[in-house]
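Now for the letters of each chain:
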Amino acid sequence: DVVDAGGAMTADVVDAGGAMAADVVDVPAAPADAGETVVTTAEITANTTWRGIVRLPNELVFVRAPAVLTIEPGARVVGQASTALIVTRGARIEASGTAQQPIVFGPASAITPGMTPRRGDWGGLVILGGASINRTGGDAGAGENQIEGVDATDARGRYGGSDDNYNCGTLRYVRIDYAGKVLARDNELNSLTLGGCGRATTIDYVQTHRGEDDGVELFGGTVDLRHIVITQSDDDGLDWDYGWRGRVQWLFVQAPPSSTESDPSGIEADNDRDANNATPRSLPVIYNATVIGPNPMTNSMPGAVFRRGTGVRMFNAIFTGWGSRAVDVRDTASAALTMGMNPDLQVSSSLFHNNGAMGTTHFVGDMTLNDDMVFRDAARMNRFDLDPMLPAANNLTAPNITPPMGSPAASGAATPTDMFFDATATYVGAVRPGATTTWMDGWTNFQ
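Worth saying up front: this structure is predicted, and the values here are computed from it rather than measured.

### Some words on the overall build of the chain
Point 1. A tally of regular secondary structure across the chain gives 2 helices and 30 strands.
Point 2. Here the chain, with 447 residues, has 58% of them falling under the buried criterion.
Point 3. Look at the contacts in the chain between residues 6 or more apart in sequence, and 67% of them connect residues 24 or more apart.
Point 4. Counting only carbon and sulfur atoms, one obtains 50% of the accessible surface of the chain, whose full area is about 16300 Å².

### Remarks on the state of the cysteines
Point 1. A complete count under the given rule lists 1 disulfide for this structure.
Point 2. Sulfur-sulfur distance for the disulfide between Cys168 and Cys197 comes to 2.4 Å. Here the S-S torsion is close to -100°, and the disulfide linking Cys168 with Cys197 is therefore left-handed. You can see Cys168 sitting in the loop between β13 (158-159) and β14 (169-177) and its partner Cys197 sitting in the loop between β17 (192-195) and β18 (202-209), a full 29 residues away along the chain.

### Considerations on the packing of aromatic side chains
Point 1. One pass over the full model with this rule turns up 16 aromatic pairs.
Point 2. With a centroid separation of 5.9 Å and an interplanar angle of 40°, the aromatic rings of Phe219 and Tyr242 are classed as tilted. Of the two residues, Phe219 sits in strand β19 (residues 216-219) while Tyr242 sits in the loop between β21 (238-241) and β22 (247-254), which places them 23 residues apart along the sequence.
Point 3. Note on Tyr242: relative accessible area 6%, which makes it buried.

### Observations concerning the nonpolar core
Buried together is how nonpolar side chains tend to be arranged in soluble globular proteins.
Point 1. Core analysis: the largest hydrophobic core is formed by 73 residues, its most contacted members being Phe105 and Phe319.
Point 2. With 4 residues, strand β26 (residues 312-320) is the largest single contributor of residues to this core.
Point 3. Ignoring anything within four residues of it in the chain, the contact list for Phe319 reads Val291, Gly303, Ala304, Met314, Ala326, Val327, Val347, Leu351, Phe352, His353 and Asn355.
Point 4. Counting 22 residues, the second-largest nonpolar core is a separate cluster that includes Trp250, Ile292, Tyr427 and Trp443.

### Comments concerning the environment of Val174
Point 1. Mapped onto the secondary structure, Val174 falls in strand β14.
Point 2. Once the C-alpha coordinates of Val174 and Val206 are considered, the two residues, 32 residues apart in sequence, prove to be 4.9 Å apart.
Point 3. With sequence-adjacent residues up to four places away left out, Val174 is seen in contact with Ala95, Ile103, Phe105, Tyr205, Val206, Gln207 and Trp443.

### Considering the pairing of β19
Across a regular strand the side chains alternate sides, sitting on one face of the sheet and then on the other.
Point 1. Across the two faces of β19 the burial is the same, with Val216 and Leu218 and Glu217 and Phe219 all buried.
Point 2. Sheet topology places β17 next to β19; 4 bridges connect them, and they run parallel. By the bridge assignment for β19, Gly195 is matched with Phe219.

### Some points on the pattern of salt bridges
Where charged atoms of side chains with opposite charge meet at close range, the side chains can pair.
Point 1. If you walk through the whole model with that rule in mind, you get 22 salt bridges.
Point 2. When the shortest N-O distance is used, the salt bridge between Arg245 and Asp164 registers 3.4 Å. Here Arg245, found in the loop between β21 and β22, pairs with Asp164, found in the loop between β13 and β14; they are 81 residues apart in sequence, far enough to count as distant.
Point 3. For Asp164, a relative accessible area of 28% puts it in the partly exposed group.
Point 4. The closest approach of N and O atoms between Arg247 and Asp224, which form a salt bridge, is 2.7 Å.

### With respect to the sheet that holds strand β11 (residues 125-128)
Point 1. The strand order across the open sheet built from 10 strands is β2-β5-β8-β11-β17-β19-β21-β23-β25-β27, with neighbouring strands paired in parallel fashion. Of all strands in the sheet, those bounded by a partner on one side alone are β2 (43-44) and β27 (325-329).
Point 2. Here β11 runs beside β17; their pairing, made up of 4 bridges, is parallel. Paired with Leu125 across the strands is Leu192, a residue of β17.

### So, the pairing of β11
Point 1. A two-sided burial pattern is seen for β11, the buried positions comprising Leu125 and Ile127 on one face and Val126 and Leu128 on the other.
Point 2. Bridge count for strand β8 (residues 84-87) against β11 is 3 bridges, and the pairing is parallel. Paired with Ile86 across the strands is Val126, a residue of β11.

### As for the side chain of Asn382
Point 1. With respect to the helices, strands and loops of the structure, Asn382 is situated in the loop between α2 (371-375) and β30 (383-384).
Point 2. For Asn382, the side chain forms a polar contact with the main-chain oxygen of Val347, separated by 2.8 Å.
Point 3. Among the polar contacts listed, one links the side chain of Asn382 to the backbone nitrogen of Ser349, at a separation of 3.2 Å.
Point 4. Each residue touching Asn382, except ones within four places of it in the same chain, is listed here: Val347, Ser348, Ser349, Ser350, Phe352 and Phe375.

Cut-offs used in this document
Residues numbered from 1 in each chain as written. Predicted model: local features only at pLDDT ≥ 70, side-chain atom pairs only at ≥ 80, totals over all residues. Heavy atoms only, no water. Helix = DSSP H or I, 4+ residues; strand = E, 2+ residues; numbered from the N terminus. Buried < 20%, exposed > 50% of the residue type's maximum accessible area, 1.4 Å probe, protein only. Contact = heavy atoms within 4.5 Å. Areas by Shrake-Rupley, 256 points an atom, 1.4 Å probe, with all protein chains shown as cover. Disulfide = S-S within 2.5 Å. Phe/Tyr/Trp six-rings, centres within 6.5 Å; stacked < 30°, edge-to-face > 60°. Core = buried A, V, L, I, M, F, W, Y, C linked by side-chain atoms within 4.5 Å. Pairing = 2+ DSSP bridges. Salt bridge = Lys/Arg side-chain N within 4 Å of Asp/Glu carboxyl O. Polar contact = N/O pair within 3.5 Å; in protein donor to acceptor, adjacent residues only side chain to side chain.

Below is the structure:
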């Protein structure tokens, strides 16, 4: 049986493989061989399964509580310029692809003969939950907020709560291509937006490619990330705000050759712009990242900007190719967190190579903090001006960030103690040196 968005039963539908399709929303009286679902409603309120090609309407599509949206391996979900898929608080998405059959979200232009997909051809994927954030004001009241991209008066855009184990669902082996939309200053749709998602959420093997704004932005919550690829986002690669305290292992960020944005970076990190010391404070822990700038001679981008009271504990990272500097602690609220033996803001056991206009300026001190002194402190165990020997990090269509066994990245790694992290990753960067196959093989795409 097929269930439409209002929960009513319609006719039995048989998918292209001959199996009975359960809970597929709004399948039109279409040809039996189409292998497509055309979603004609802007709200999904019943448990729904998508398979094959799924075409979304040219508007915001909301998955409402208590619905669970299940997307099967190999599905391709496509939208148009004003399309975004928003999984609201209380609903859930279960999108588990495989390395052989990833789930792809993208624009209709990508599957239309004669058309070339471009950034912003559709809005993106937004997932909202009830984990804690640090906003005490805003549109939704204390402990809640309104997500960017949804009208401030629309309660479907609310996120935040008190359940740090909140489960927003699963994204596994998922690509999000050519998404994002700048609606107004500080009001954008990113390729992937996670607002108030908790630790029971699974985000693993996810790529965002050529987004118009940020690749992945996190607004509070405790959601963890593994195996994340963010390539050629026009603004920031990874962005966080409002008290995000997740953990990350295996992150690859590749900047585009140029950007139309005013202040792009590989990582842009905030606590709360209106109350820099609001709690819970943004304080993710990150291991094994490779953060690639376009070329220090041709850009003025920083690799990572930490500001407005954010903390971060980052280990075993490679920063290379950033024009202005690798790491920039931009204000006093974040600078105050760099002090002590195990500071709340640190980048440690990492490699810095080919940053700054001359290739050796990885940090630039300013009135806020002497970044160079802080990150060159011997206690941080960072290494400088050693080539990690990445074969083709700036290749836009076939990047290769696997160092050879002789690379400096093969040693010098810190060992995590948190059981979330794989402690056998005894190397610096996102990919094991000398590997003949990597975790990015098969399911990613850079075209």
